[in-house]
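Single-letter residue listing:
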Amino acid sequence: MTIVEESLNARDRMDSPIGARMRIGGRDVDYFCGTSYHALHGHPVVIEAAVQALRAYGLGPATRADMSVYMETEALVCAHFGCEAAAYVASGYLSIMALLLALRDDYDVAFADERSHFSVNDALKCAERPVFRFRHRDPQSLSEQLRRHLKPGQVPVVVSDGVFPSTGALAPLDHYAQLLDAYPGGLLCIDDSHGVGVLGSAGRGTLEHFGLEGERAFCAGTLSKAFGGFGGIVPASRALADRIAAKGGVVAGASPPPVPAAAAAGAGLRLFRENPSMLQALRTNVAHMRTGLAGLGLAIPQTPVPIFNVQARGDLKAVCERLRERDIVVKYVGASGYSDAPSVETLRIAVFSSHSSEQIDDLIAALAVLL
Ligand SMILES: Cc1ncc(COP(=O)(O)O)c(C=O)c1O
């Protein structure tokens, strides 16, 4: 047995690509975890694109990204988001950093949701602007902080996750945008890693969902989740993309994602765009899961987000274990166990467009017995 096999709990070891039905610990399971919302990471077209690009170009360009595979992926990002240009950076984690550094001269003070993702917090440290926190998803608290901390003439940037990763909560961006109307030049920047490919009628994310795409609202996203590839993106104007290249060291000073990852990301994005049924299936499954969970008496918000947060009395770790015995895998999240996780233990249930309605029914039936 290798060191890796020994250190990985054999029962949790992933033995197949991610999928609604996949192999974990040597067993076929119904998988309701993670972030591959259309299960594209294991799609044969995505895998083939990665393999062909690897053969054609090798693993990577060693810092410079002057290979056509990068240009093609960026062109697809532009087509999808309807933008002039796109920054494609080494990871989704870094995309909000690239954005906030590039815009740094356009704002004086940052206001951030107190439960923003680690990526947002690290990006704000790098931006070296004063940061004030507002209460989680609370426009009233944001309003108070803006009034309290902005001096006349100063320009704010409001920063938040679009969709919070462990609870699936949506940031009330429409309220934030309304508040910003009172501050000329005010910016809204979101980390939308869980929104792109998921929200909005075309899958452009949380800004599209709220009808906020425009000059003062920016999103940093990822190709590593819903789109089945890898790497961070910032949909941008030409001028902003040039600023990101000039000011965001993560573009000029870091290698881009590896060639096969870029090709896979392009293929995943193309599949997503050519198959609107994916987004429709996701919406159907979200509605199905929401109805099922609400039927168990759980408080489930009415949003199209495919992440469900189950809070209930009792030992949720044990519930997770009992589900596992039925070959159903959901994620147990300990109290405050992630950037946005609540201070009580929860289950995180993710639904994909490729789950069958029987899989969802089986999970709901099992939870009805166990909760
Ligand atoms: C809100 C949020 N932002 C950024 C990231 C990082 O994205 P990536 O995995 O593409 O680097 C994650 C990862 O889970 C996330 O949840």
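The model shown is predicted, which means the values in this text are computed figures rather than measured ones.

### Details of the overall build of the chain
Alright, step 1. A tally of helices and strands in the chain yields 14 helices and 13 strands.
Alright, step 2. Computed over its C-alpha atoms, the radius of gyration of the chain comes to 21 Å, within 12% of the 21 Å expected for a compact globule of 371 residues.
Alright, step 3. C-alpha atoms of the chain, sized along the principal axes, occupy 60 × 55 × 40 Å.
Alright, step 4. Taken across its 371 residues, the chain has 53% of its residues classed as buried.
Alright, step 5. In the chain, of all internal contacts separated by at least 6 residues, the share reaching a separation of at least 24 is 70%.
Alright, step 6. Positive and negative side-chain charges of the chain, numbering 34 and 39 respectively, have mean locations separated by a distance of 3 Å.

### Focus on the domain arrangement of the chain
Alright, step 1. Structurally, the chain comprises domain 1 (3–43 + 277–370) and domain 2 (44–274).
Alright, step 2. For domain 1 and domain 2, the distance between their C-alpha centroids amounts to 26 Å.
Alright, step 3. Opposite the 25 residues of domain 1 that make contact, domain 2 presents 33 residues.
Alright, step 4. There are 14 residue pairs in polar contact (both at pLDDT 80 or more) connecting domain 1 and domain 2.
Alright, step 5. In terms of residues, the side of domain 1 that touches domain 2 owes the most to one element, helix H12 (residues 277–295), which gives 4 residues.

### Quick look at the sheet that holds strand E9 (residues 232–236)
Alright, step 1. The strand order across the open sheet formed by 7 strands is E3-E9-E8-E7-E6-E4-E5, and the pairing between neighbours is mixed. This sheet does not close on itself; its edge strands, each paired only once, are strand E3 (85–89) and strand E5 (131–134). Neighbour-to-neighbour, the strand axes of this sheet turn through a mean angle of 20 degrees, independent of strand direction.
Alright, step 2. Relative to strand E7 (residues 187–191), strand E6 (residues 156–161) is paired through 5 bridges, and the arrangement is parallel. Looking across to E7, one finds that valine 158 is bridged to leucine 188.
Alright, step 3. Packed on one face of the sheet, helix H4 (residues 92–102) meets E3, E6, E7, strand E8 (217–222) and E9 and runs near 155 degrees to E8.

### Describing the site of the ligand
Alright, step 1. Contacts to the ligand come from 14 residues, most closely from Tyr93, Asp191, His194, Thr222 and Lys225.
Alright, step 2. The separation between a nitrogen atom of the ligand and a polar side-chain atom of serine 193 is 3.2 Å.
Alright, step 3. Grouping the amino acids of the shell around the ligand by side-chain chemistry returns 3 nonpolar, 8 polar and 3 charged.

### Quick notes on the packing of aromatic side chains
Alright, step 1. Within this structure, the stated rule accounts for 6 aromatic pairs.
Alright, step 2. Aromatic side chains phenylalanine 227 and phenylalanine 272 sit 5.3 Å apart centroid to centroid with 80 degrees between the ring planes, which places their arrangement in the edge-to-face category. Taken as a pair, phenylalanine 227 in the loop between E8 and E9 and phenylalanine 272 in helix H11 (residues 259–274) lie far apart in primary sequence, 45 residues in all. Of the two residues examined, phenylalanine 227 and phenylalanine 272, each falls in the buried class.

### Comments concerning unusual backbone geometry
Alright, step 1. One non-glycine residue, alanine 39, adopts positive backbone phi at about 50 degrees.
Alright, step 2. For alanine 39, the location among the structural elements is in the loop between strand E2 (27–31) and helix H2 (44–57).
Alright, step 3. Positive phi, close to 60 degrees, is recorded for aspartate 327, a residue that is not glycine.
Alright, step 4. Summarising the element assignment, aspartate 327 is placed in the loop between helix H13 (316–325) and strand E11 (328–329).

### Some thoughts on the state of the cysteines
Alright, step 1. Here the structure, examined in full by the defined rule, presents 0 disulfides.
Alright, step 2. Here cysteine 126 is not disulfide-linked; the sulfur of cysteine 189 is the nearest cysteine sulfur, at 15 Å.
Alright, step 3. You can see cysteine 219 has no disulfide; the closest cysteine sulfur is in cysteine 83, sitting 9.0 Å from it.

### Topic: the side chain of arginine 290
Alright, step 1. Tracing the backbone through its elements, the reader meets arginine 290 in helix H12.
Alright, step 2. Nearest to the buried, unbridged arginine 290 among oppositely charged side chains is aspartate 361, at 14 Å.
Alright, step 3. A polar contact is formed between the side chain of arginine 290 and the side chain of glutamine 302, at a distance of 3.5 Å.

### A word on H11
Alright, step 1. In this model, H11 (16 residues) spans 23 Å end to end at C-alpha, consistent with the 22 Å of a helix rising 1.5 Å per residue.
Alright, step 2. Within H11, 13 of the 16 residues are buried, leaving the element largely enclosed by the surrounding structure.

### A look at the pairing of strand E13 (residues 346–350)
The two faces of the sheet receive side chains in turn, since in a regular strand these alternate between them.
Alright, step 1. Taken across its 5 residues, E13 has 5 buried, putting it largely inside the fold.
Alright, step 2. Side chains Thr346, Arg348 and Ala350 project from E13 onto one buried face, and the interleaved Leu347 and Ile349 project onto a second face that is buried too.
Alright, step 3. In this sheet, E13 lies alongside strand E10 (residues 307–310) in antiparallel orientation, the contact comprising 4 bridges. Paired with isoleucine 307 across the two strands is alanine 350, which belongs to E13.

### Describing the sheet that holds strand E12 (residues 331–333)
Alright, step 1. Spatially, E10-E13-E12 is the arrangement adopted by the 3 strands of the open sheet, whose pairing is antiparallel. Each end of this open sheet is capped by a strand with a single partner; those strands are E10 and E12. Averaged over neighbouring strand pairs, the angle between their axes works out to 30 degrees when direction is ignored.
Alright, step 2. H12 rests against E10 and E13 of the sheet, and its axis sits at about 10 degrees to E10.

Reading the values: the criteria
- Residues numbered from 1 in each chain as written.
- Predicted model: local features only at pLDDT ≥ 70, side-chain atom pairs only at ≥ 80, totals over all residues.
- Heavy atoms only, no water.
- Helix = DSSP H or I, 4+ residues; strand = E, 2+ residues; numbered from the N terminus.
- Rg over C-alpha atoms; globule rule 2.2 N^0.38 Å.
- Buried < 20%, exposed > 50% of the residue type's maximum accessible area, 1.4 Å probe, protein only.
- Contact = heavy atoms within 4.5 Å.
- Lys, Arg positive; Asp, Glu negative; His and termini not counted.
- Charge placed at Lys NZ, Arg CZ, Asp CG, Glu CD.
- Domains from an automatic or database assignment.
- Polar contact = N/O pair within 3.5 Å; in protein donor to acceptor, adjacent residues only side chain to side chain.
- Pairing = 2+ DSSP bridges.
- Axes fitted to C-alpha atoms, helices over the stretch in contact; angles between N-to-C directions.
- Near = heavy atom within 4 Å.
- Nonpolar A, V, L, I, M, F, W, Y, C, P; charged D, E, K, R; others polar.
- Phe/Tyr/Trp six-rings, centres within 6.5 Å; stacked < 30°, edge-to-face > 60°.
- Disulfide = S-S within 2.5 Å.
- Salt bridge = Lys/Arg side-chain N within 4 Å of Asp/Glu carboxyl O.
- Expected span 1.5 Å × (residues − 1).

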